[in-house]
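Spelled out, the chains give:
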Amino acid sequence: MFAMARKRDMTTENGKTTAKAHSDPVPEEPAPVHEEPAPTPIVELMKEPTPPLHEEQKRELFEWMLEEKRKIKPKDRLEKKQIDEEKSILKQFIRSKSISDL
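Residues numbered from 1 in each chain as written. Predicted model: local features only at pLDDT ≥ 70, side-chain atom pairs only at ≥ 80, totals over all residues. Heavy atoms only, no water.

S.K.: Any chance you could explain the nonpolar core here in plain terms?
M.R.: Side chains of a nonpolar character, in soluble globular proteins, are inclined to be buried together. Ranked by size, the top nonpolar core spans 5 residues in total: F62, L66, L90, I94 and I99. Among the elements of the structure, helix 1 (55-71) and helix 2 (77-95) are those that each provide at least two residues to this core. Residues in contact with L66, not counting those within four places in the same chain, are K87, L90, K91 and I94. (Core = buried A, V, L, I, M, F, W, Y, C linked by side-chain atoms within 4.5 Å. Buried < 20%, exposed > 50% of the residue type's maximum accessible area, 1.4 Å probe, protein only. Helix = DSSP H or I, 4+ residues; strand = E, 2+ residues; numbered from the N terminus. Contact = heavy atoms within 4.5 Å.)

Here is the structure:
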């Protein structure tokens, strides 16, 4: 492993083989920089606008979000407080008589 660190030139003089070590270090070439071209923006035009969600669909969505929030295990008190606040907001939306467009 360490023997490979030195490079030696093998030269032959009158049938004799002599090893000569490099005294000056081999200059290293800088590694080639692989530049990726800038991504071109993809613009897709929507053919049809998505239909708005009905109140019942919105309510179902909020209920699903609330269920997912209940599954989260908080790591500390601050995170628990934040999750509780988000759950209370979701509960307010679910209990309201009409849900406005967001």
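S.K.: Where do I start with the side chain of R59 in this structure?
M.R.: Summarising the element assignment, R59 is placed in helix 1. For the buried R59, which has no salt bridge, the nearest side chain bearing the opposite charge is E55, at an N-O separation of 4.3 Å. Polar side-chain contacts of R59 include one of 2.5 Å to the backbone oxygen of S96. Setting aside chain neighbours within four positions, we find R59 in contact with F93, I94, S96, K97 and I99. (Lys, Arg positive; Asp, Glu negative; His and termini not counted. Salt bridge = Lys/Arg side-chain N within 4 Å of Asp/Glu carboxyl O. Polar contact = N/O pair within 3.5 Å; in protein donor to acceptor, adjacent residues only side chain to side chain.)

S.K.: Help me out: how do you make sense of the pattern of salt bridges in this one?
M.R.: Once their charged atoms are close, side chains differing in charge can pair, the charge on each being opposite to the other. What the rule picks out here adds up to 4 salt bridges. Note that E68 and K71 form a salt bridge whose closest N and O atoms lie 3.3 Å from each other. Here E68 pairs with K71, and both are found in helix 1, just 3 residues apart, close to one helical turn. Classification of E68 as partly exposed rests on a relative accessible area of 29%. With relative accessibility at 56%, the residue K71 sits in the exposed group. Residue E86 is joined to K69 by a salt bridge in which the shortest nitrogen-to-oxygen separation is 2.4 Å. With E86 in helix 2 and K69 in helix 1, the pair connects residues that are 17 residues apart, well separated along the chain. Judged by relative accessible area, E86 falls into the partly exposed class, the value being 27%. Look at K69 and you get partly exposed, because its relative accessible area is 22%. Overlapping salt bridges bring together K80, D84 and K87 as one network.

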